[in-house]
Each structure stands twice: as structure tokens, then as C-alpha cells.
Amino acid sequence: MALFLFLFLATTLGISQGSDQDTVPHKIHLLRPQSGAAGNHVPGLSCLSWRLGVETNNVVGWITVPEECEEYVGHYMLGHQYRKDSRVVANQALLYAQSLSLARDGKDVWVFDIDETALSNLPYYAHHGFGVEPYNPTLFSKWVTEGKAPALPETLNLYKKLLSLGTKVVFLTGRPEYQRSVTANNLRKAGYHTWEKLILKGSSYSGKSAVVYKSSERKKLAMSGYKIIGNMGDQWSDLLGTDVGNRTFKVPDPMYYIS
Ligand SMILES: *[C@@H]1O[C@H](CO)[C@@H](O)[C@H](O)[C@H]1NC(C)=O
Ligand SMILES: [Mg+2]
């Protein structure tokens, strides 16, 4: 099962297969005690309805995937539906971009979030689990530092097409400033070879929400003459606030919530 999922993941995201045993992820959902210490059990919850609620920003402020939806989310992320859903988003974004008559003055920019938008941390989550506290800052930071996150293929495809339309790309990420070089290297390795700006979260924003930080950085872009024609992210906090851009595109992500 684990091998099957790994091969599937390798195929779907185009990640390279490591040669040693350690690189084979564990089962997609780690077992948790049946006693349910996490206490986020919701009786009769439809996981599809929950995911829809997350994507529509009706379910907000959640800390972990509900216990009974861990397996559902794992299969959604590693199966075909996540990719199909991502494809619809990217296709709509491309249709929109193609419909514009851009000035090609170098001022039209498309803002991309990085994690779960341009790059995918799915290998990390497949290894560590989708449910009970999958977010471990130490382990996640180690994964980021390895710089091995593959591209979300649909986003990479959109990125290339936007560049060919004469759009500039800005990456705006919640990753901290000290991860700049590893992030830049990972982007290049994944196929994102150029950008107008790579904006990481500086220390002046410590303790500030993603909405505040990203709004403020987008405002700076607008003030310096850039026109944000499109903005794409996996979190609503990438897309809400000020100077959000002429259109926003929400990439699916039922794995975690960032305000
Ligand atoms: C974006 O929105 C602004 C403000 O509404 C508008 O002036 C501009 O024409 C729009 N640009 C595009 C490319 O739609
Ligand atoms: Mg993200």
C-alpha cells in the first residue's frame, strides 16, 4: 500500500524516486489512538461537505483535519480529484489571462503563493500524515530546507503560459525571510526559472496574520506601479484583504488553515 501510494505520488507530482528505503513514505494517514484525545470528532460529518466548507471559506479557523476525515483528505490529496480540481482553477485562470489585452509594459503582475500553490508539500504530508497535528514546525522546516518540493504541475503550466503572455510573476509567501535562498533554489529546481519579485515574510511582520502581511506587501506592489491582474493561493488569507488583484483564484487545500 505504502509503495503503491509512493509510486502514485511520484507519478502524479513527478517527484523522483529515492534509492533507499528511508525515502518511501509511511502510510498516508498515521494511526491515532481510538480514544480520540484530540476531541475534534463531529458526529455524522460528511467529509465532502466539510471540504466544500473549507474551500468556500465557510469553515474557518480550524486547527486540524477532523479525525474522521483524515483518511478522506489523504485519498483526496493523493488521488485524482485534487489534481482535477487544481486543473479547473488553472484553466479558469488561463482563460481569464488570455481574455485580457495586456499593455506588455512590464507592469502587469500575477501573484502566486508558494506552499501548496506553486510548490507542493504533498510528499511531506504523505509521509507525516494529514490529520492529527501534521504541522510540526521543526520537521516542516527541515523539509523546506531540503528544497525538494515539487511543483504543483497545474500551477507550473499556468506560470509558463502567463510568462508567454507577457505577465510578470511575483511570489508572495509566508515563508520567513531566512528561507530565501533555499526557496529560490527550490523554485528553480521545480521549473520556476524567473520572477519579478520573491517576497518572503520579514521579521517586521512577526505576529501579524497572513492577511495583514500579504495585503501590505501587495499594497507596496501597487504603489510602485504594478497592476495585479491575478492572484492565486491555496489559503483564503492569500486572497482576502486589500489590493487583492483584479481576480483571485483559490487552489484546493483541505490539509491546513492559515488566517
Ligand atoms: C483591474 O481593475 C482596475 C480597477 O478596477 C481597472 O481599472 C483595470 O482596468 C483592471 N485591469 C484588468 C486587466 O482588468
Ligand atoms: Mg500556501
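The structure reproduced in this document is the subject of the present report. This structure is a prediction, so every number in the text was calculated from the model and none was measured.

On to the nonpolar core. Trp-110, Phe-112, Leu-158, Phe-171, Leu-187, Tyr-192 and Met-232 are the most contacted members of the largest nonpolar core, which totals 53 residues. Sort the elements by how many residues they give to this core and helix H4 (residues 80-99) lands first, with seven residues. Sequence-distant contacts of Tyr-192, that is, excluding residues within four places in its chain, are made with Ala-118, Leu-119, Ala-151, Leu-152, Thr-155, Leu-156, Tyr-159, Phe-171 and Leu-187. Counting 10 residues, the second-largest nonpolar core is a separate cluster that includes Val-111, Val-170, Tyr-226 and Ile-228.

This brings us to the packing of H4 against helix H7 (residues 153-164). Contact pair H4 / H7: the axes reach a minimum separation of 8 Å and the direction vectors enclose 10°. Relative to H7, the element H4 lies roughly parallel. For the pair H4 and H7, the sense of crossing is right-handed. Residues Arg-83, Ser-86, Arg-87, Ala-90, Ala-93, Leu-94 and Ala-97 of H4 form the contact with H7, whose participating residues are Pro-153, Glu-154, Leu-158, Lys-161 and Leu-162. Looking at the contact of H4 with H7 residue by residue, the classes come out as seven nonpolar, one polar and four charged.

Looking now at the packing of aromatic side chains. What the rule picks out here adds up to 18 aromatic pairs. Considering the side-chain rings of Tyr-96 and Phe-249, the 6.0 Å spacing of their centres and the 40° angle between planes classify their relative orientation as tilted. Placement of the pair is Tyr-96 in helix H4 and Phe-249 in strand S5 (residues 247-250), with a sequence separation of 153 residues. Residue classification places Tyr-96 among the buried residues on the basis of a relative accessible area of 10%. An angle of 25° between the planes, with centres 6.3 Å apart, marks the rings of Tyr-159 and Phe-171 as stacked. Linking Tyr-159 in helix H7 with Phe-171 in strand S2 (residues 168-176), this pair joins segments that are 12 residues apart in sequence.

What counts as what
Residues numbered from 1 in each chain as written. Chains lettered and ligands numbered in written order. Predicted model: local features only at pLDDT ≥ 70, side-chain atom pairs only at ≥ 80, totals over all residues. Heavy atoms only, no water. Core = buried A, V, L, I, M, F, W, Y, C linked by side-chain atoms within 4.5 Å. Buried < 20%, exposed > 50% of the residue type's maximum accessible area, 1.4 Å probe, protein only. Helix = DSSP H or I, 4+ residues; strand = E, 2+ residues; numbered from the N terminus. Contact = heavy atoms within 4.5 Å. Axes fitted to C-alpha atoms, helices over the stretch in contact; angles between N-to-C directions. Parallel < 35°, antiparallel > 145°, perpendicular 65-115°, else oblique. Left-handed = near helix turned anticlockwise from the far one by under 90°. Nonpolar A, V, L, I, M, F, W, Y, C, P; charged D, E, K, R; others polar. Phe/Tyr/Trp six-rings, centres within 6.5 Å; stacked < 30°, edge-to-face > 60°.

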